[in-house]
Amino acid sequence: MEKKGCSTLHPQSMCPAFGGLRVLTRIDGVQVCLAADQGCLYGLTFVSHFYAARKSIISPELMNVQISGGSMIDDIRRTIDEIALDPSVRFIPVVSTCVAETAGIAEELLPRRAGNAEVLLVRLPAFQIRTHPEAKDVAVATMLKRFGAFESDKKPKSLVILGEIFPVDAMSIGAVLQKIGVESVIALPGTALEDYIESGRASACAVLHPFYERTASLFEENRVKIVKGNPIGANGTGQWIRRVGEALDLDMEVVAAVADEEAAKAREVLARFSGIKGKVIVAGYEGNELPVVRLLLEAGLEVPYASTSIARMALGEEDHRVLSMLGTEIRYRKYLEEDMQAVIEYEPDLVIGTTSLDSFAKERGIPAIYYTNNISARPLFFAAGAATVLGMISGLLARKSVFQEMKEYFGGV
Ligand code: SF4
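Each value, and the rule that gives it
- Residues numbered from 1 in each chain as written.
- Predicted model: local features only at pLDDT ≥ 70, side-chain atom pairs only at ≥ 80, totals over all residues.
- Helix = DSSP H or I, 4+ residues; strand = E, 2+ residues; numbered from the N terminus.
- Buried ≥ 20, exposed ≤ 12 C-beta atoms within 10 Å, placed from the backbone.
- Contact = placed C-beta atoms within 7 Å.
- Pairing = 2+ DSSP bridges.
- Axes fitted to C-alpha atoms, helices over the stretch in contact; angles between N-to-C directions.
- Right-handed = clockwise from strand over helix to strand, strands pointing away.
- Parallel < 35°, antiparallel > 145°, perpendicular 65-115°, else oblique.
- Left-handed = near helix turned anticlockwise from the far one by under 90°.
- Nonpolar A, V, L, I, M, F, W, Y, C, P; charged D, E, K, R; others polar.
- Near = placed C-beta within 6 Å.
- Core = buried A, V, L, I, M, F, W, Y, C linked by C-beta atoms within 7 Å.
- Expected span 1.5 Å × (residues − 1).
- Arc of directions from axis to C-beta.
- Domains from an automatic or database assignment.

Next up on the list: the overall build of the chain. Helices and strands together make up the secondary structure of the chain, namely 18 helices and 13 strands. With 413 residues in all, the chain has 46% of them scored as buried. Looking at the chain alone, contacts between residues at least 24 apart form 71% of all its contacts between residues at least 6 apart.

This part takes up the sheet that holds strand β7 (residues 204–207). Strand order across the open sheet formed by four strands is β6-β5-β7-β8, with parallel pairing between neighbours. With one partner strand each, in any of the chains shown, β6 (184–188) and β8 (225–227) form the two edges of the open sheet. For this sheet the average axis-to-axis angle between neighbouring strands, irrespective of direction, equals 25 degrees. Where strand β5 (residues 158–162) meets β7, four bridges bridge the pair, whose relative direction is parallel. Bridging across to β7, I161 finds its partner in A206. Set on the sheet, helix α10 (residues 233–247) makes contact with β5, β7 and β8; between it and β8 the angle comes to about 170 degrees.

Burial along strand β12 (residues 350–353) is two-sided: L350 and I352 and V351 and G353, pointing in opposite directions, are all buried. In the sheet, strand β9 (residues 279–283) pairs with β12 via four bridges, with the strands oriented parallel. Bridging across to β12, V280 finds its partner in L350. Relative to strand β13 (residues 368–370), β12 runs parallel, the two sharing three bridges. Each residue of the ladder has a partner; that of G353, found in β13, is Y370. On the question of chirality, the crossover connecting β12 to the parallel β13 by way of helix α15 (residues 355–363) is right-handed.

With that settled, the discussion passes to the packing of helix α7 (residues 167–180) against α10. It is the contact of α7 with α10, at a shortest axis distance of 11 Å, that shows an interaxial angle of 50 degrees. One way to sum up the angle between α7 and α10 is to call them oblique. As for the relative orientation of α7 and α10, their crossing is right-handed in sense. Here V176, L177 and I180 of α7 come into contact with α10, specifically with I241, V244 and G245. Its residues placed into classes, the contact of α7 with α10 shows five nonpolar, one polar and no charged.

The next point concerns the packing of α7 against helix α11 (residues 252–272). Where α7 meets α11, the axes come as close as 8 Å, and the angle between the chain directions of the two elements is 145 degrees. Contacts from V176, K179 and I180 of α7 reach α11 at V254, V255, V258 and E262. Tallied by class, residues from the contact of α7 with α11 come to five nonpolar, no polar and two charged.

The environment of the ligand is made up of C15, A17, A36, C40, G43, T97, C98 and A126. Residue classes in the shell around the ligand are distributed as six nonpolar, two polar and no charged.

The next point concerns unusual backbone geometry. Note the cis peptide between L188 and P189, where omega equals -5 degrees. Relative to the assigned elements, P189 resides in the loop between β6 and α8 (193–199). Look at K157: it is not a glycine, yet its phi comes out positive at around 55 degrees. For K157, the position within the fold is in the loop between α6 (132–147) and β5.

Moving on to the environment of R78. Mapping R78 onto the fold places it in helix α4 (residues 72–84). Measuring from C-alpha to C-alpha, the distance between R78 and G365 comes to 56 Å, with 287 residues separating the pair along the chain.

A separate point is the sheet that holds β9. Pairing is parallel across the open sheet formed by five strands, whose spatial order is β11-β10-β9-β12-β13. The open sheet is flanked by β11 (329–331) and β13, the only strands paired with a single partner. Across the sheet, the axes of successive neighbouring strands diverge by a mean angle of 15 degrees, strand direction being ignored.

So, about the nonpolar core. A general tendency of soluble globular proteins is for nonpolar side chains to be buried together. Formed by 115 residues in total, the largest nonpolar core has its most connected members in V95, L159, C205, A206 and V244. Beyond its immediate chain neighbours, meaning those up to four positions away, V244 contacts L159, L177, I180, V182, A206 and V227.

Turning our eyes to something else, we now look at the environment of E220. Within the secondary structure, E220 sits in helix α9 (residues 213–221). Taking the number of C-beta atoms within 10 Å as the measure of exposure, E220 has 12 and is therefore exposed. Each C-alpha atom of the pair E220 and A204 lies 8.9 Å from the other, and the pair is 16 residues apart in sequence.

A rise of 1.5 Å per residue sets the reference length of α4, with its 13 residues, at 18 Å; its end C-alpha atoms lie 18 Å apart and thus fit the reference within 8%. Residues of α4 that are buried include every one of I76, T79 and I80, and no others. Down the axis of α4, the buried set is contained in an arc of 100 degrees. They therefore lie on one face. Set apart from the buried face of α4 by more than 90 degrees, the exposed residues are D74 and R78. Contact partners of the buried residues in α4: β1 (33–35), β2 (91–96), β3 (113–114) and β4 (117–123).

As a further point, take the pairing of β7. Because side chains alternate across β7, one face comprises the buried residues A204 and A206, and the other comprises C205 and V207, equally buried. A crossover connection joins β7 to the parallel β8 through α9; in handedness this β-α-β unit is right-handed.

Its domain assignment divides the chain into domain 1 (17–139), domain 2 (158–269) and domain 3 (275–411). Computed from C-alpha atoms alone, the centre-to-centre distance between domain 1 and domain 3 is 35 Å. Residue classes in the side of domain 1 that touches domain 3 are distributed as one nonpolar, one polar and two charged.

Quick look at the structure:
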């Protein structure tokens, strides 16, 4: 829906298909076959090399003549056969994007196997899937629908952790889960086809990011319990550990002891940073911004405005309620213009935003950092995550005057 006063003339988010490619290109033995026009191929190859698995994408040449000339499906099938000549390729996702003809490819016209590889159509049209986080959900759900061993018996005390996380967070989660008696953990989006097969046998799934709603429904429909939330901040940490314990029917005495211990460690960190004061705006497009805001609020910072590219979703409702109660104005499916307006209105001491918003803030002498490179590239969970994020923020707030001096210096040139 168009928002008043917001531009529709420039893209407000990166190409959604990128999110799906990020999930798919990381799987061992994969070779993506992209069914898109050459313009999409150019951009998506570029971003996938930089931000995904540094793998090339193969595509049939789909220019107007092939798309409208009726040879498209034969071209795609021929490309699949060529890819499958390589015996090391085990999986060929055929990714269709925005061009109407490719978005509407009939799955029945594609093979299910070629050479040593499984072939799977993954539809990622931007007109339907609006953002790259949501495209990750579509890719994971499509994979699970085909490969998940949902018909098998469930493995007790086995958990799927759903959501891309920083490697240190994965290690901390693993250590805590082991302490409370979880016997097996599978991380999705995974790097092996087997991760998707095995996930169907898990008893519960901890959904760390709110945009995995299709995947969460699929798990629920197949008797896998859903654990909401994430171990961010003191309250979130304790609550998350207890929820995992309940979902997997673990020894709740042990679980409660670990939950209290981890929450206390996080609380100590929050107390250590209780002296930091400031007004922060958080405006990313990764879809996991609200739990970060929750951490900042728990540490006593003021967050008058937060925005994200994704829609308001049921899995994010708890955070929505807490943040609204504490006075944060939240924008979903945000426009850059709304974020800029918030910078003008709230005059923050720090912006954690997108690159365009950061430039806008810096021109005003306000410290600003890129959410994706600074938040998504750091641990966030448990006490260690809180210490890392709050340490970085307190450092930036302390150097606020430097940005003002820079503005004055360059303003005088
Ligand atoms: S046309 Fe669609 S698939 Fe192609 S680059 Fe743009 S948003 Fe992405």
